[in-house]
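The primary structure of each chain is shown beneath.
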Amino acid sequence: MIEKDYIIVGLGIAGISFCEQLQKHGKSFIVIDNGEEGSTAKSGGVFNPTVLKRFTAAWNASAFFPVAVDFYHRLSEKLQEKIFVETPILRIFKSIEEQNNWTVASDKRELQDFLSSIFLKSTNTAVEAPFGFGEVLGTAQIHANNLLSYYRNHLKDQEAAILTEEFQYTRIQQKENKVFYKNISAKKIIFTEGSKVIDNPFFPKKAIIGNKGEYLTIKAPLLKLEVLLKGSMYVIPLGNDAYKIGATYSRDDYSLNSTDEAREEILSKVKSFINCPFEVIEQTTGVRPTTKDHRPLLGSLDENPNLVFFNGLGSRGFLMVPLLSEILYDYAENDIPIAKEIGIQRTSRWK
Ligand SMILES: Cc1cc2nc3c(=O)[nH]c(=O)nc-3n(C[C@H](O)[C@H](O)[C@H](O)COP(=O)(O)OP(=O)(O)OC[C@H]3O[C@@H](n4cnc5c(N)ncnc54)[C@H](O)[C@@H]3O)c2cc1C
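In this text, all values refer to a predicted model and were calculated from it rather than measured experimentally.

Caption draft 1: Representation of the overall build of the chain within the structure. In terms of regular secondary structure, the chain is built from seven helices and 24 strands. In terms of C-alpha radius of gyration, the chain reaches 21 Å, essentially the compact-globule figure of 20 Å for 351 residues. A principal-axis box enclosing the C-alpha atoms of the chain has dimensions of 65 × 45 × 40 Å. Burial analysis of the chain (351 residues in total) assigns 43% to the buried set. Taking contacts inside the chain between residues at least 6 apart in sequence as the whole, the part at least 24 apart equals 72%.

In structure tokens, the structure reads:
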């Protein structure tokens, strides 16, 4: 029998951040991950504490932001890879009215550090922005695919830290305040399966709503963009003249097929603010694990206290996970209660 403090199911950003908590506190663990690309791998990797539709701060941004910045810097140092690249977002203004709204917003205490009060003019002839840009500060690009592969290698370098296989829920046994999975025993299992948690029989039915997002990757040699650009869609530079554009939102959709509708939507939107020629080289899809109240889902249910969930990260996973993983660690290890607003127990009231 292999004895560990924790078993973690799924290695996306939630699984990685919980592993980091366990390593920080000297706890032993094993990760079981099927090696498939989840939401983290398919994301845009934009780290943004603001909401650029309405010029507001993201929920709880002032608490999430400093912990997250510190987390990604430390992780980059530990892996000796630059996975967190500070990059401004330029938000294209659609009108004078938007410029005015930005000015008002940039004066608010919670946005002062993020929305620059100086407007920028477009000097890039490939970008149509007659009303100029507002610059968002404190933002970054997370190289999610690199992070996932570096972290997997990091775990492979440690003995019995990761198994690449599909977790079989029917093999869980619970005895004397311990959980057993095949030949592994642990104090608790932490489930970080993203939207695939809907296959987990211990997870409350309908607590997660899959929201499918599609991106196009384009090659545009004349675009010459080194910042994140936000018009009616994001344009995310990938290097070598490649850019990711998107993403779309399709609620209650868990399918991973690429659709013509999404391709048309992205193309028509991007052509409204990018005027240089480009070629589409790839279309990708992923499913965001969202909840009906747009808050994460953390903790366990009364009937199975040793089966713990870390889910519901929606479209802001990168910003939230570092602090949430601290909260979840304190809950799992030290019985510190989780705030009702983000606790999984609240799902009992959901129909
Ligand atoms: C198109 C798109 C764009 C996005 N853009 C951004 C963005 O720019 N910024 C941002 O902050 N967020 C973004 N998000 C949201 C972000 O990706 C998620 O909030 C976050 O990645 C969720 O991470 P997770 O670890 O919970 O799940 P996942 O990343 O899905 O990880 C779960 C892992 O568990 C594995 N797994 C599941 N079930 C099992 C099982 N039974 N056995 C073994 N392994 C299993 C899966 O294969 C997967 O590898 C985006 C999401 C999408 C889909």
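Caption draft 2: Focus on the domain arrangement of the chain. Under the domain assignment used here, the chain contains domain 1 (2–43 + 145–208 + 293–349) and domain 2 (209–290). Between the C-alpha centres of domain 1 and domain 2 there is a distance of 29 Å. On the domain 2 side, the residues contacting the 13 residues of domain 1 number ten residues.

Caption draft 3: Fine view of the site of the ligand. Surveying the vicinity of the ligand reveals 40 residues, the closest of which are Gly10, Gly12, Gly38, Gly194 and Gly317. Within the residue set of the shell around the ligand, elements represented by two or more residues are helix H1 (13–24), strand S3 (29–33), helix H2 (39–42), strand S17 (209–219), strand S22 (279–290) and helix H7 (317–334). Element by element, the count of residues in the shell around the ligand is highest for S22, at four residues. When grouped by side-chain class, the residues that make up the shell around the ligand number 14 nonpolar, 18 polar and eight charged. Residue assignment places the shell around the ligand across two domains, with domain 1 (2–43 + 145–208 + 293–349) and domain 2 (209–290) each supplying three or more.

Caption draft 4: Looking closely at the sheet that holds S3. Reading across from one edge, S12-S3-S2-S16-S24-S23 is the order of the six strands in this open sheet, with mixed pairing throughout. Single-partner strands in this sheet number two, and they are strand S12 (162–164) and strand S23 (297–299). Each strand of the sheet is rotated relative to its neighbour by a mean of 20 degrees, with strand direction disregarded. Direction of pairing for S23 relative to strand S24 (residues 307–311): antiparallel, over a ladder of three bridges. Pairing of Gly299 across the sheet is with Phe309, part of S24.

Caption draft 5: Layout of the packing of helix H3 (residues 61–79) against H7. Two numbers describe how H3 lies on H7: the axes approach to 8 Å, and their chain directions differ by 90 degrees. Here H7 runs roughly perpendicular to H3, going by the angle between their axes. Across the interface between the two elements, Ala63, Phe64, Phe65, Val67, Ala68 and Phe71 from H3 touch Leu319, Met320, Pro322 and Leu323 from H7. Split by residue class, the contact of H3 with H7 holds ten nonpolar, no polar and no charged.

Caption draft 6: Molecular detail of the pairing of strand S16 (residues 188–191). The alternating pattern of S16 places Lys188 and Ile190 on one face and Ile189 and Phe191 on the opposite face, and all of these are buried. Where strand S2 (residues 6–9) and S16 come together, four bridges link them in parallel fashion. Bridge pairing in S16 links Val9 to Phe191. Relative to S24, S16 runs parallel, the two being bridged by three bridges.

Caption draft 7: Spotlight on the sheet that holds strand S4 (residues 46–47). Taking strand neighbours across the sheet as the criterion, the three strands line up as S4-S11-S7 in an open arrangement whose pairing is antiparallel. Since the sheet does not close on itself, it has two edges, and those belong to S4 and strand S7 (84–86), each with one partner.

Caption draft 8: Structural detail: unusual backbone geometry. The residue after Gly246, namely Ala247, is reached through a cis peptide bond having omega 0 degrees. For Phe55, which is not glycine, the phi torsion reads 60 degrees and is therefore positive. Positive phi, close to 65 degrees, is recorded for Lys206, a residue that is not glycine.

Caption draft 9: Spatial organisation of the nonpolar core. Of all hydrophobic cores here, the largest spans 95 residues; its most connected members are Ile7, Ile245 and Leu298. Per-element accounting of this core gives the leading share, nine residues, to H7. Beyond its immediate sequence surroundings of up to four residues, Ile7 is in contact with Phe29, Ile30, Ile32, Tyr181, Ile184, Ala186 and Ile189.

Caption draft 10: The arrangement of the environment of Trp350 in detail. Here Trp350 shows up in the segment after H7. With 12 C-beta atoms counted inside 10 Å, the residue Trp350 sits in the exposed group. Linking Trp350 and Asp157, residues 193 residues apart in sequence, is a C-alpha distance of 43 Å. Discounting residues that sit within four places of it in the chain, Trp350 has contacts with Lys206, Ala207 and Lys292.

Caption draft 11: Up close: H3. Here H3 spans 26 Å end to end across 19 residues, near enough to the 27 Å set by a 1.5 Å rise per residue. For H3, the full list of buried residues reads Ala61, Phe64, Phe65, Ala68, Phe71 and Leu75. Looking straight down H3, one finds that the buried residues subtend no more than 145 degrees of arc, so they occupy a single side. Facing away from the buried side of H3 by more than 90 degrees, the exposed set consists of Asp70 and Glu77. The elements touched by buried residues of H3 are H1, strand S6 (56–57) and H7. Phi turns positive one or two residues past the end of H3, at Gln80, with a value near 55 degrees.

Thresholds, definitions, all that
Residues numbered from 1 in each chain as written. Predicted model: local features only at pLDDT ≥ 70, side-chain atom pairs only at ≥ 80, totals over all residues. Helix = DSSP H or I, 4+ residues; strand = E, 2+ residues; numbered from the N terminus. Rg over C-alpha atoms; globule rule 2.2 N^0.38 Å. Buried ≥ 20, exposed ≤ 12 C-beta atoms within 10 Å, placed from the backbone. Contact = placed C-beta atoms within 7 Å. Domains from an automatic or database assignment. Near = placed C-beta within 6 Å. Nonpolar A, V, L, I, M, F, W, Y, C, P; charged D, E, K, R; others polar. Pairing = 2+ DSSP bridges. Axes fitted to C-alpha atoms, helices over the stretch in contact; angles between N-to-C directions. Parallel < 35°, antiparallel > 145°, perpendicular 65-115°, else oblique. Core = buried A, V, L, I, M, F, W, Y, C linked by C-beta atoms within 7 Å. Expected span 1.5 Å × (residues − 1). Arc of directions from axis to C-beta.

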